[in-house]
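# Understanding the architecture of this molecule
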Amino acid sequence: MERRRVGILGATGMVGQRFIQLLHHHPWFEIAWLAASDRSAGKRFDEACRWKLDTPLPAGIAAMTLMPNVPEGMPSGELPKIIFAALDSAIAYELEPKFAAAGCAVISNSSAFRMTADVPLVVPEVNADHLELLESQVWRKDAGGYIVTNPNCCAIGLSMALAPLAQRFGIESLFVSTMQAVSGAGYPGVASLDILGNVIPFIQNEEEKLQEECGKLLGTLVGDRVALAPMKLSAHCNRVAVEDGHTECVSIKLKRPATYEQILNAWADFQPLAGIHEGKPLPSAPDQPVEYAGEMDRPQPRLDRMRGNGMAATVGRLRPCNLLDWKFVVLSHNTIRGAAGAAVLNAELLAMLGKLDWKKWTASAHKHVTAALV
Ligand SMILES: NC(=O)c1ccc[n+]([C@@H]2O[C@H](COP(=O)([O-])OP(=O)(O)OC[C@H]3O[C@@H](n4cnc5c(N)ncnc54)[C@H](OP(=O)(O)O)[C@@H]3O)[C@@H](O)[C@H]2O)c1
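Residues numbered from 1 in each chain as written. Predicted model: local features only at pLDDT ≥ 70, side-chain atom pairs only at ≥ 80, totals over all residues. Heavy atoms only, no water.

### Section: unusual backbone geometry
With an omega of 0°, the peptide bond between Tyr-187 and Pro-188 qualifies as cis. Relative to the assigned elements, Pro-188 resides in the loop between β6 (171-180) and α8 (192-195). With an omega of 5°, the peptide bond between Arg-298 and Pro-299 qualifies as cis. If you trace the backbone, Pro-299 turns up in the loop between β12 (290-293) and α11 (301-304). You will see that Asn-205, though not glycine, has its phi angle at about 65°, which is positive. (Helix = DSSP H or I, 4+ residues; strand = E, 2+ residues; numbered from the N terminus.)

### Focus on helix α7 (residues 153-169)
Here α7 is 17 residues long and its end C-alpha atoms lie 25 Å apart, about the 24 Å a rise of 1.5 Å per residue gives. Remark: the principal bend of α7, roughly 30°, maps to Leu-162, with a proline, Pro-164, within the next four residues. For α7, the side-chain oxygen to backbone nitrogen distance between the N-cap and Cys-154 is 2.8 Å, and the N-cap itself is Asn-152. Remark: Gly-170 follows α7 within two positions and exhibits a positive phi of approximately 75°. (Expected span 1.5 Å × (residues − 1). Bend = angle between axes of the 7 residues up to and from the residue. Polar contact = N/O pair within 3.5 Å; in protein donor to acceptor, adjacent residues only side chain to side chain.)

### Re the pairing of strand β1 (residues 4-9)
Side chains on a regular strand alternate between the two faces of the sheet. Relative to strand β2 (residues 29-35), β1 runs parallel, the two sharing 6 bridges. Of the residues in β2, the one forming a bridge with Arg-5 is Glu-30. After leaving β1, the chain enters helix α1 (residues 14-23) and then returns to the sheet as β2, a path that is right-handed. Bridge analysis of β1 against strand β3 (residues 82-85) gives 4 bridges, and the strand direction is parallel. In the strand pairing of β3, Ile-8 is matched with Phe-84. (Pairing = 2+ DSSP bridges. Right-handed = clockwise from strand over helix to strand, strands pointing away.)

### Re the pairing of strand β5 (residues 146-149)
Alternating positions in β5 separate into two faces, Tyr-146 and Val-148 on one and Ile-147 and Thr-149 on the other, with burial throughout. Sheet topology places strand β4 (residues 105-108) next to β5; 4 bridges connect them, and they run parallel. Paired with Ser-108 across the bridge in β5 is Thr-149. (Buried < 20%, exposed > 50% of the residue type's maximum accessible area, 1.4 Å probe, protein only.)

### A word on the nonpolar core
Core analysis: the largest hydrophobic core is formed by 44 residues, its most contacted members being Phe-19, Ile-20, Leu-23, Ile-31, Leu-34, Phe-45 and Phe-84. Sorting the residues of this core by element identifies β1, α1, β2, β3, β4, β5 and α12 (336-352) as the ones contributing at least two each. When residues of this core are assigned to their parent elements, the largest contribution, 10 residues, is made by α12. Here this core spans two domains, since at least three of its residues come from each of domain 1 (4-150 + 340-373) and domain 2 (153-333). In terms of nonpolar packing, the next biggest core, distinct from the first, is built from 42 residues, Leu-162, Ala-258, Ala-266 and Phe-328 among them. (Core = buried A, V, L, I, M, F, W, Y, C linked by side-chain atoms within 4.5 Å. Domains from an automatic or database assignment.)

### A look at the site of the ligand
Neighbouring the ligand are 27 residues, the closest being Thr-12, Ser-37, Arg-39, Ser-40 and Leu-87. Contact between the ligand and Ser-183: a nitrogen atom at 2.9 Å from a main-chain N or O atom of the residue. Coverage of the ligand by the protein chains reaches 82% of its 910 Å² of free accessible surface. Elements supplying a minimum of two residues to the shell around the ligand: α1, α4 (89-101) and α12. Looking at the shell around the ligand residue by residue, the class counts come to 11 nonpolar, 14 polar and 2 charged. A domain split of the shell around the ligand shows at least three residues from each of domain 1 (4-150 + 340-373) and domain 2 (153-333). (Near = heavy atom within 4 Å. Areas by Shrake-Rupley, 256 points an atom, 1.4 Å probe, with all protein chains shown as cover. Nonpolar A, V, L, I, M, F, W, Y, C, P; charged D, E, K, R; others polar.)

### Some thoughts on the domain arrangement of the protein chain
Each domain of the protein chain was delimited in the assignment, giving domain 1 (4-150 + 340-373) and domain 2 (153-333). One C-alpha centre belongs to domain 1, the other to domain 2, and the line joining them spans 25 Å. Taken together, the contact pairs 33 residues of domain 1 with 33 residues of domain 2. Of the roughly 2,800 Å² buried between domain 1 and domain 2 on both sides combined, carbon and sulfur atoms contribute 72%. Three residues stand out in domain 1 for area buried against domain 2, namely Met-115, Glu-125 and Val-126, and they jointly supply 23% of the buried area on that side. (Contact = heavy atoms within 4.5 Å. Buried area = accessible area lost by both parts, 1.4 Å probe.)

Right, dumping it as structure tokens:
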């Protein structure tokens, strides 16, 4: 299969670097365009980026020139039709619609449009059907472009652990306390003097995001809107001195009683993407989306964050709760499953659904880009 050209907005940041790592040898996508802030535009990638991952920066990427972060000014046909975006939300709010209006599929990590009614907020294993929302977007109607988002890094792992329980038993309410890695704050992120030997019991807007995004993820598609799941969720979010991997301690009240074995079976049987792609898995989909770690002291970030190539949610320590019904621990890799890997999996699902094919949109999208150049 010919690989589709893709671009990355915010390519120099923590999530942008993960995109490069995950897409470099991707069977379906090929990195053709990179952009970051105006400070970086025009520079070689390796001059503008402090590469922080433990695999080498690919030589071909190092030599690429960072482009201006706008769709205008690109020769016709040069702007990739698929844009992975890893921007702060205020910047995303301004830039992502410009790319969608120029006919691009914008696959975003930022919170800017996650709760917008006609923007899908999707974890493929949890609510793939919500992708239909993108057909209502004005950009889609005008030029073929659209915005699809993935959730907050904690909401992804949590929703994967919750979805099978919601399907089998229903969820009444839950209490979540997070221990979130420093890479979740981007680079340079939290000052070392603030975080070393310390816990910071505050992450701006994080509790609100976790609460509302889980409601949308586990909600029901009704026409061109999502009816939020009626469960109650209370979150405490903490930053801890861990490099990568967000841990979440969960207490949950179910609508219908469930035994220990029934809950373990619900997680083990959770294979919603199995065979979705002509019997083959999507390239980034983990074989077992929710893995149970049976040892008494697991999951742990250093030992378990790379399960399923960093794309699985690992649960453990399932036990009765004195206040609600059950309690357990969830762990997921925040920049892979919680960010870039989640967006890549969304793109694979969009490709499989034919929503990255622009045949019917080509004429109008080209007209739009041409108009923007005048
Ligand atoms: N880190 C995580 O675990 C995680 C998880 C889920 C979601 N997210 C979300 O993903 C997004 C990116 O996070 P991050 O951790 O990668 O942040 P980051 O490391 O701070 O990177 C920010 C990126 O945005 C670029 N940028 C800054 N100002 C810009 C501007 N005015 N115009 C265009 N580009 C600009 C930066 O380019 P320069 O190098 O040129 O400054 C850099 O490429 C955020 O919305 C974050 O909430 C992060």
